[in-house]
Every structure is written in structure tokens, then in C-alpha cells.
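Chain and residue survey
One-letter residues, chain by chain:
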Amino acid sequence: MTITIIIILCSLLLLGYFFDLTSSRTKIPSVILLLILGWGTRQLSKFTDFKIPDLSLLLPLFGTIGLVLIVLEGSLELELNKSKIRLLKKSFVLAFISLFTLAFLIAFVFMEYGQYSLKHSLANVIPLCVISSSVAISSVKNISGTDKEFVTYESSMSDILGVVFFNFIVLNEDITLPSFGNFLFEIIIMCVVSFVATAGLSFLLSKIDHPIKFVPIIILVILIYAISEIYHLPALIFILFFGLFLGNLDEMKQFKWIKKLRPYELNKEINRFREILIEGTFLIRAFFFTLFGYSFETAEIINTDTLGLAIGITAAIFGIRWVMLKVSKLPVTPLLFIAPRGLITILLFFAVPSAEVIFLVNKSLVIQVIVLTALVMMIGLMTTKTKLPKAEMEPAPLLPTGE
């Protein structure tokens, strides 16, 4: 039995690797194929009467680890200089306005027709309003550099803002002025923690002289994230800050304390760290989305009771996005289509307190919105002709390794 399960898991992960290899040619995001693979495995196990242990309890665990690794991997690739400030501002504004506009719009509809309170409505709809960086970042490997950077910034910002907004609504019984004061205080604390933790981890990365040095760093990153989450701090700020710092040492080498880290030697270690991180991220992402696909019941996917609402929410997502892109004077294609829901949506959906759950937002609705937004992204990427600049055709090292 154990050997059989190992064979199945290895086969599924190898198929996931094949999907990742071919996604650039098929333009089908590997995440969609992983979900289908998981669902197909469930149907096959039923047909053959082969019982696979229930691993659904592992979803939050792998989802949290996957979120940390994906945001860290994406932020390592971003350049942070004066020329990127405008792009950073636009991505933040778009993520902020889209999230809050969509959340309050759907919440008011639920309040009007379902007679729910604003607090309960927001707690349930926020998960559906957050762009999944885990899906978005992994699906835009083959689009132009500026659009790819924008997607990475925007989806990471959406994740951070979504988690902060969700915690703020769930943890405060009443929204008062002191609530906003506590919220601002938490942001400040997290910024301080991010600075101290980034400095400490960078120092360790430059000083550890042992064959095993990157796995402990990754474990420490996840540990700091988890402890911050216990105290309901916006921990993704730290992940983004740490990745941006490591990926942009050359932009800060004029500072004396940066020179103490021996940046040119550290660049070599960062490149190795990134390679290991990419491998680990693939493994966790493939396992999570295959497992999530396996948890799908066919009846949940085609549930007609929620399908109309799911289509309406999906239409609102892309309608608001189209308006925001036009107002921001950003290219509509392919950015319009890249607003998938996924890992962060699932994590926040599971985190809604049982006393605040409303029947309109159930697993069927969440699955349908995730599938619909993924299908829109797939069709959009397949129908959009994107030509990479010549400089992007060949991969370049993350950072220079010497003077």
C-alpha cells in the first residue's frame, strides 16, 4: 500500500513537472492542469476502488508554505530602483482599489439580498477578491518583462492587502477609531520586524560556512512568517521585503553596513539560494494544487445553485479590472486576464470563523470562481500574442558575481 502511494505521488509530481515544461508552448497555465490532474486522480481512484488516504487536512499547511515560497521567489526577481517607482505605485493603487471596490460591492449585494451584516459579508467575500500570486506569478513566465514585473508586484500587494484587510475585519468586533490605531501599530511593528529579520538573515547567509545553509534560512523565513501570523501581523510584508533586499543588493552597495555583508561574495550565494528556492517552490505548488484538485467533488464544480453567483462575481472581477487598467493607462492585454483566484483564496476561506460563515459562500462557489478566473486567464494568455524582447530570450543571472 505504502509503495503504491509513493509511486502515485511520484508519477503525479513528474506529470506536474511535464506541465511546467510545456506551459510556455501550450500557454495553458500549469496550475489549471494540476487541478485537472488532481480531479482526474480522484475519479480514477473511485473507478478502480483504490482508496487514497484523506490528505485534505494538509491543504492549509502546504498552502501557507507555498505562499511564502512563491512570494519570496517572485520578489527576488524584481528590480527596485528609481525607474520602477512609477510601476510600483501603479501596482499598489490598482491592487488596493480593486480589492476594496470589489469587496464592498459584493458585500453590499449580500447585505441587500441575504440580510447579512457588513462585517460577516466582508469576512466571506474578501477571499474571493484577492489575486492569487501563487497562480499569477507562475503563469506569466513568458510575457514581456514590464508586464511580468507588474503582475508580480500587483499580485503580491493584493495578497498582503487581502490578508491585512481580512484580519482587520475578522479580529475586530466593532470597527472604531482605536481599531484603526491598532491596525497602524501592527503595520509599524511588522516593518520593524522585517528590517531586523532581513538584516539578521542576510548576515547569516553571508557568514554560514557549511554545506547545509539554505534550508535553515528558508525554515527561518517560514518560522518568522508563522510567528507573525500568530500575532495577526501582516507577515507577507516581511517576505516581500526580504526578497527585494536580497535581489537588489547592487542598488544599496553604497551603504557602509551593506559592505559588511560582502555583497559581491553574497551575490553568488543568492543565486544558489534562488535556484534551491525555485525547486522547492515547484514541489510545494505542484503538490498543493494537485491535492486541491483531488478534493474537488464533481457536484461541487457543476453546482447550479452557486454557478450563477460565481459567474456574476467573475464578471465583476474583470469588469472592475478593465476600468482600473483604463484609468491607470496600463495595457489592457494581457493584464486584464491575469486576475486568478487560488491559494490565498483557499487559505482565507478556511480561516473564516465558523460563527461568521454565510451559506452563500461555500466550497462550491469558491471552486467555481477559482476555475472560472483560471479559465479566463488561460484563454487570455492563449489568444494574446506576446513577443519577448530580445534581451529576455536568454536567461540572465540574478545578480553580478564580481566587479
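The sections below set out a description of the structure shown in this document. Only a predicted model underlies this, so the values are computations on that prediction, with no experimental measurement involved. (Residues numbered from 1 in each chain as written. Predicted model: local features only at pLDDT ≥ 70, side-chain atom pairs only at ≥ 80, totals over all residues. Heavy atoms only, no water.)

1. Some details on the side chain of Glu154
As a reminder, the rule being used: Segments assigned H or I by DSSP are reported as helices when at least four residues long, segments assigned E as strands when at least two residues long, and all are numbered from the N terminus. The contact definition used throughout considers only heavy atoms, calling two residues in contact when any of these lie within 4.5 Å.
On the secondary structure map, Glu154 appears in helix 7 (residues 145-171). When residues no more than four places from it in sequence are discounted, the contact partners of Glu154 are Ser91, Leu94, Ala95, Ile131 and Arg321.

2. A look at the nonpolar core
Note the following rule: Within this scheme, the nonpolar core is defined by two criteria: the residues are buried Ala, Val, Leu, Ile, Met, Phe, Trp, Tyr or Cys, and they are joined through side-chain atoms within 4.5 Å. Relative accessibility under 20% of the residue-type maximum defines a buried residue, over 50% an exposed one, and the middle range a partly exposed one, all with a 1.4 Å probe and only protein chains included.
Core analysis: the biggest nonpolar cluster contains 120 residues, and Ile126, Val221, Phe238 and Ile239 have the highest contact counts within it. Sort the elements by how many residues they give to this core and helix 7 lands first, with 13 residues. Beyond its immediate chain neighbours, meaning those up to four positions away, Ile239 contacts Val68, Val71, Leu72, Ser75, Val221 and Tyr225.

3. A closer look at the packing of helix 3 (residues 59-76) against helix 15 (residues 343-351)
To be explicit about the condition: For helices, the axis comes from a line fit to the C-alpha atoms of the stretch in contact; other axes are also lines fit to C-alpha atoms, and the angle between any two N-to-C directions lies between 0 and 180 degrees. Angles below 35 degrees are treated as roughly parallel, those above 145 as roughly antiparallel, those between 65 and 115 as roughly perpendicular, and all remaining angles as oblique. Handedness of each helix crossing follows the sense of rotation of the near helix against the far helix: counterclockwise by less than a right angle gives left-handed, clockwise gives right-handed. Residues are sorted three ways: Asp, Glu, Lys and Arg are charged, Ala, Val, Leu, Ile, Met, Phe, Trp, Tyr, Cys and Pro are nonpolar, and all the rest, Gly among them, are polar.
One can describe the packing of helix 3 onto helix 15 by two numbers: an axis separation of 10 Å at closest approach and a directional angle of 135 degrees. In terms of axis orientation, helix 3 runs oblique to helix 15. Helix 15 is crossed by helix 3, and the crossing has left-handed handedness. The segment helix 3 lies against helix 15, with Leu59, Pro60, Gly63, Thr64, Gly66 and Leu67 engaging Leu343, Ile344, Leu347 and Phe350. Split into classes, the residues belonging to the contact of helix 3 with helix 15 amount to seven nonpolar, three polar and no charged.

4. Some points on the pattern of salt bridges
Proximity of charged atoms lets side chains of opposite charge pair with each other. As a reminder, the rule being used: When a carboxyl oxygen of Asp or Glu lies within 4 Å of a side-chain nitrogen of Lys or Arg, that pair is called a salt bridge.
The full count for this structure, using the stated rule, is eight salt bridges. A salt bridge links Lys363 to Glu300, with the shortest nitrogen-to-oxygen separation between them at 4.0 Å. Highlighted residues: Lys363 in helix 16 (residues 363-383) and Glu300 in helix 13 (residues 298-301), separated in sequence by 63 residues. With a relative accessible area of 17%, Glu300 lands in the buried category. Connected through shared salt-bridge partners, Arg42, Lys46 and Glu297 make up one network.

5. Considering the packing of helix 5 (residues 118-129) against helix 7
As a packed pair, helix 5 and helix 7 sit with axes 9 Å apart at the nearest point and diverge in direction by 165 degrees. Here helix 5 is positioned roughly antiparallel relative to helix 7, judged by the angle of their axes. When the axes of helix 5 and helix 7 are compared, the crossing they make is left-handed. The residues of helix 7 that touch helix 5, namely those facing Lys119, Leu122, Ala123, Ile126, Pro127 and Cys129, are Ser158, Gly162, Phe165, Phe166, Ile169 and Val170. For the contact of helix 5 with helix 7, the class distribution of residues is nine nonpolar, two polar and one charged.

6. Quick look at the packing of aromatic side chains
Condition: Two rings belonging to Phe, Tyr or Trp (six-membered ring only in the last case) form a pair when the distance between their centres is within 6.5 Å. Interplanar angles under 30 degrees mark stacking, angles over 60 mark edge-to-face geometry, and anything in between is tilted. Charge-over-ring contacts are defined here by two conditions on Lys NZ or Arg CZ: a distance within 6 Å of the ring centre and an angle within 35 degrees of the ring normal.
This model, assessed by the stated rule, comprises 17 aromatic pairs. With 4.5 Å between their ring centres and 35 degrees between their planes, Phe96 and Phe100 make a pair best called tilted. Here Phe96 and its partner Phe100 are both found in helix 4 (residues 85-114), four residues apart, which amounts to about one turn of the helix. With 5.8 Å between their ring centres and 45 degrees between their planes, Phe349 and Phe350 make a pair best called tilted. On the basis of relative accessible area, Phe350 is assigned to the partly exposed category, the value being 42%. Taken together through their ring pairs, the aromatic side chains of Phe92, Phe96, Phe100, Phe104, Phe108 and Phe165 make up a single cluster. Taking the ring centre of Tyr294 as reference, the NZ or CZ of Arg42 above it sits at 5.4 Å.

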